[in-house]
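Coordinate inspection notes
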Number of protein chains: 2
Amino acid sequence: MKIGELAKRSGCSVQTIRYYEKEGLISAPARTGGNFRVYDSPALDKLTFIKNCRTLGLTLDEIKQLIMLQDSPGRPCEKVNGMIDEHIGIVKSRIIDLQKLHDDLKVLRQKCGQARTIEQCGILDELSPKSSI
Amino acid sequence: MKIGELAKRSGCSVQTIRYYEKEGLISAPARTGGNFRVYDSPALDKLTFIKNCRTLGLTLDEIKQLIMLQDSPGRPCEKVNGMIDEHIGIVKSRIIDLQKLHDDLKVLRQKCGQARTIEQCGILDELSPKSSI
DNA sequence: ATTGACTCTATAGTAACTATAGAGTGTAGG
DNA sequence: CCTACACTCTATAGTTACTATAGAGTCAAT
Ligand SMILES: [Zn+2]
Ligand SMILES: [Zn+2]
Ligand SMILES: [Zn+2]
Ligand SMILES: [Zn+2]
């Protein structure tokens, strides 16, 4: 199949596929006489794997590491497990940060109940430093 | 004060201050004979305002709008209030997305209890497409 | 022969900084 | 006076994972 069909089947855009190739996440496919990329179904599998990882928020570097790990099937998989654990930790702390942000924004919003003028806006007032003398 | 002191007092880095100036968020300050930037205390106030906004996740574009709004003190402040409301919405939905991600990652992690080989890793297995024939 | 859909490469843009390189300034100590 | 040191200057490139062109070429159908 050509790149357009691979894009449709994988859910990645055409440019993204070319980008992944440039970044070394997928290997360069065969070409037609007219220089078009041609992919087989293992290529679709590999791309789908990458897509699944991206959906879970793994970075391209991490995905690259996973792909490399898959080349030594006999080695223990602790690194894989560890990577997911680490990710869960990052996501958790991002959630905590956003929760705090959300609460702060709620408090800020309450400083200006109904419409006033810019001058009297409780939000702008709260954002402004009290004084820096 | 020079840029180093402003950086310390505001909590922004020196490069960030120069960047804000280039982006038009703060106005270009006076210069010494040796071409060093010199700031006064209103400049610190303005920078602190920006810092406060950034801490709440407002974009530089939004902050620019707030700064422009401050120039018409008599106008109503609905836009300010609306901006915060919109932000709260964005943060909320980001939290929801991350919660889902977190749950998905937890499920994925459970696919591989203890250490196995790469070949048998339940995580890699889950990430791999079943077949694309 | 020409249209239209598709593909190719190369390049620039996105957000908000961060990190240099290489040069100049200013001051305190010896 | 010289020099070491801390600070500042501009300009440029890098970060992440794409997205969006521009301009040219391919290919099948009409
Ligand atoms: Zn990670
Ligand atoms: Zn208001
Ligand atoms: Zn916003
Ligand atoms: Zn495992």
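No experiment lies behind these values; they were computed from the predicted model shown.

**Section: the protein's contact with DNA strand D**
Of all residues adjacent to DNA strand D, which total 18 residues, the nearest are A:Tyr20, A:Arg54, B:Gly4, B:Arg18 and B:Arg37. At 2.6 Å, a side-chain N or O of B:Arg18 approaches a phosphate oxygen of DNA strand D. For DNA strand D, a phosphate oxygen lies 3.0 Å from a polar atom in the side chain of B:Arg31. When residues of the surface near DNA strand D are assigned to their parent elements, the largest contribution, four residues, is made by helix H2 (residues 14–22) of chain A. Split into classes, the residues belonging to the surface near DNA strand D amount to six nonpolar, seven polar and five charged.

**A word on the protein's contact with DNA strand C**
For DNA strand C, the set of nearby residues contains 18 residues, the closest of which are A:Gly4, A:Arg18, A:Arg37, B:Tyr20 and B:Arg54. Of all DNA strand C atoms lying within 4 Å of any protein atom, the proportion belonging to sugar or phosphate reaches 80%. Within the contact set of DNA strand C, a phosphate oxygen lies 2.6 Å away from a backbone nitrogen or oxygen of A:Gly4. A:Arg18 places a polar side-chain atom, nitrogen or oxygen, 2.6 Å from a phosphate oxygen of DNA strand C. Counting residues per element, the ones that place at least two in the surface near DNA strand C are helix H1 (3–10) of chain A together with helix H2 (14–22) of chain B. In terms of residue count, H2(B) provides more of the surface near DNA strand C than any other element does, four residues in total. Its residues placed into classes, the surface near DNA strand C shows six nonpolar, seven polar and five charged.

**Some words on the coordination of the zinc ion (ligand 4)**
Donor atoms from the polypeptide that coordinate the zinc ion (ligand 4) comprise A:Cys77 (SG), A:Asn81 (OD1), B:Cys112 (SG) and B:Cys121 (SG), at 2.2 to 2.4 Å from the metal. Considering all four donor atoms around the zinc ion (ligand 4), the spread of angles at the metal, 104 to 122°, places the coordination shape in the tetrahedral class. With one member in each of two chains, A:Cys77 in the loop between helix H4 (60–69) and helix H5 (78–110) and B:Cys121 in the loop between helix H5 (78–110) and helix H6 (122–127) form a pair that bridges those chains. Of the two residues, A:Cys77 and B:Cys121, neither departs from the other in class, the shared state being buried.

**Considering the coordination of the zinc ion (ligand 2)**
Six octahedral donors around a metal ideally make angles of 90 or 180 degrees; four tetrahedral donors ideally make 109.5 degrees. Around the zinc ion (ligand 2), the protein contributes the donor atoms A:Cys112 (SG), A:Cys121 (SG), B:Cys77 (SG) and B:Asn81 (OD1), at 2.2 to 2.4 Å from the metal centre. Around the zinc ion (ligand 2) sit four donor atoms; with metal-centred angles ranging over 104 to 122°, the donor geometry is tetrahedral. Using a relative accessible area of 0% as the deciding quantity, one classes B:Cys77 as buried. Given the relative accessible area of 5%, B:Asn81 is considered buried.

**Looking at the packing of helix H4 (residues 60–69) of chain B against H5(B)**
All names here are of chain B. Following both chains from N to C, one finds H4 and H5 inclined at 160°, their axes separated by 11 Å at the closest point. The pairing of H4 with H5 is recorded here as roughly antiparallel in orientation. Seen along the crossing, H4 lies across H5 with a hand that is left-handed. On H5, the residues touching Glu62, Gln65, Leu66 and Leu69 of H4 are Lys79, Val80, Met83 and His87. Tallied by class, residues from the contact of H4 with H5 come to four nonpolar, two polar and two charged.

**Digging into the UniProt feature "domain: HTH merR-type" (unreviewed entry) in chain A**
Within this numbering scheme, the UniProt entry marks residues 1–69 of chain A as carrying the feature "domain: HTH merR-type" (unreviewed entry). Summarising residues 1–69 of chain A: 61% helix, 6% strand, and an end-to-end C-alpha distance of 28 Å.

What counts and how
Residues numbered from 1 in each chain as written. Chains lettered and ligands numbered in written order. Predicted model: local features only at pLDDT ≥ 70, side-chain atom pairs only at ≥ 80, totals over all residues. Heavy atoms only, no water. Near = heavy atom within 4 Å. Polar contact = N/O pair within 3.5 Å; in protein donor to acceptor, adjacent residues only side chain to side chain. Helix = DSSP H or I, 4+ residues; strand = E, 2+ residues; numbered from the N terminus. Nonpolar A, V, L, I, M, F, W, Y, C, P; charged D, E, K, R; others polar. Donors = N, O, S within 2.8 Å, 3.2 Å for Na, K, Ca; no water. Tetrahedral: all angles 85-135°; square planar, octahedral: opposite > 155°, others 65-115°. Buried < 20%, exposed > 50% of the residue type's maximum accessible area, 1.4 Å probe, protein only. Axes fitted to C-alpha atoms, helices over the stretch in contact; angles between N-to-C directions. Parallel < 35°, antiparallel > 145°, perpendicular 65-115°, else oblique. Left-handed = near helix turned anticlockwise from the far one by under 90°. Contact = heavy atoms within 4.5 Å. UniProt positions renumbered as here; feature names shortened; annotations may be inferred.

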